[in-house]
Amino acid sequence: MKKGNILKLLALMADELIVAVLLLIVLPSMGINVPTRGVLVILGVLLIKDIVIAPFLLNTFDRKVEVGVEVLIGRTAVVVEDLTSEGLVKLEGELWKAECINGTARRGEEVKVVAVEGTKVLVECPE
């Protein structure tokens, strides 16, 4: 497990530590005794909550934000207008002017984006 994930798990478990200190140290020092079984049930429920939630939280925090045209490189586009040299492709739901760098592609074929030049994508046609 990565060091960052361990720190995230410790932060997630902070509520258990606070409740444990409250139930085992603070309340007894004030003369309020909580039954051991009650303490175990409360801490057990909190720990089960963390075990269920942790995988979702760890995956959420590890996701990288994708921005900019660079993220289009490597994606697949569908030819909308035949690519003899230049034409149109549909990429991520948008129409892009495209140039095929290694041949031609017909309408409906899939091509791979290899570069972006301004508002035009350079694509590789199927062989």
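It should be emphasised that the depicted structure is a prediction, and the values quoted were computed from it without experimental measurement.

**Some remarks on the overall build of the chain**
Tallying secondary structure elements over the chain gives three helices and five strands in all. Across the chain, helices and strands are ordered from the amino to the carboxyl terminus as α-α-α-β-β-β-β-β. Against the 2.2 N^0.38 benchmark of 14 Å for 127 residues, the chain shows a C-alpha radius of gyration of 28 Å, more extended than a compact globule. A principal-axis box enclosing the C-alpha atoms of the chain has dimensions of 85 × 25 × 25 Å. Out of the 127 residues belonging to the chain, those deemed buried represent 24%.

**Remarks on the side chain of Glu16**
Along the chain, Glu16 turns up in helix H2 (residues 14–29). Look at Glu16: it is buried, it has no salt bridge, and the nearest opposite charge is Lys49 at 4.4 Å. Residues contacting Glu16, with those up to four places away along its chain left out, are Leu43, Leu46, Leu47, Lys49 and Asp50.

**Focus: the side chain of Asp50**
Within the secondary structure, Asp50 sits in helix H3 (residues 36–62). Using a relative accessible area of 5% as the deciding quantity, one classes Asp50 as buried. Setting aside residues up to four positions removed in sequence, Asp50 forms contacts with Leu12, Met13, Asp15 and Glu16.

**Considering the environment of Glu70**
The residue Glu70 is located in the loop between H3 and strand S1 (76–81) in this model. A residue is classified by how much of its surface remains accessible, and Glu70, at 56% relative accessible area, is exposed.

**Points about the sheet that holds strand S2 (residues 86–91)**
Spatially, S1-S2-S3-S5-S4 is the arrangement adopted by the five strands of the closed barrel, whose pairing is mixed. Taken pair by pair, the neighbouring strands of this sheet meet at an average axis angle of 55°, ignoring direction. As paired elements, S1 and S2 share three bridges and run antiparallel to each other. Looking across to S2, one finds that Glu81 is bridged to Leu88.

**Here we look at the pattern of salt bridges**
A side chain with one charge may pair with a side chain of the opposite charge, provided their charged atoms come close. Using the criterion set out here, one finds six salt bridges in the structure. For Lys49, the salt bridge goes to Asp50, with nearest N and O atoms at 2.8 Å. A salt bridge links Glu99 to Lys120; the shortest N-O distance between them is 2.9 Å. Separated by 21 residues along the polypeptide, Glu99 in strand S3 (residues 94–100) and Lys120 in strand S5 (residues 120–124) bring together distant segments of the chain. A single network of salt bridges, built from pairs that share partners, joins Asp15, Lys49 and Asp50.

**Quick notes on unusual backbone geometry**
A positive phi angle, close to 55°, is found at Glu92, a residue other than glycine. For Glu92, the location among the structural elements is in the loop between S2 and S3. Note on Glu92: relative accessible area 51%, which makes it exposed.

**Topic: the packing of helix H1 (residues 3–12) against H2**
Interaxial distance between H1 and H2 falls to 4 Å at its minimum, and their mutual angle equals 40°. Judged by the angle between their axes, H1 and H2 are oblique. Where H1 abuts H2, its residues Leu10, Ala11 and Leu12 lie against Ala14, Asp15 and Glu16. The residue inventory of the contact of H1 with H2, partitioned by class, reads four nonpolar, no polar and two charged.

Definitions and limits used
Residues numbered from 1 in each chain as written. Predicted model: local features only at pLDDT ≥ 70, side-chain atom pairs only at ≥ 80, totals over all residues. Heavy atoms only, no water. Helix = DSSP H or I, 4+ residues; strand = E, 2+ residues; numbered from the N terminus. Rg over C-alpha atoms; globule rule 2.2 N^0.38 Å. Buried < 20%, exposed > 50% of the residue type's maximum accessible area, 1.4 Å probe, protein only. Lys, Arg positive; Asp, Glu negative; His and termini not counted. Salt bridge = Lys/Arg side-chain N within 4 Å of Asp/Glu carboxyl O. Contact = heavy atoms within 4.5 Å. Pairing = 2+ DSSP bridges. Axes fitted to C-alpha atoms, helices over the stretch in contact; angles between N-to-C directions. Parallel < 35°, antiparallel > 145°, perpendicular 65-115°, else oblique. Nonpolar A, V, L, I, M, F, W, Y, C, P; charged D, E, K, R; others polar.

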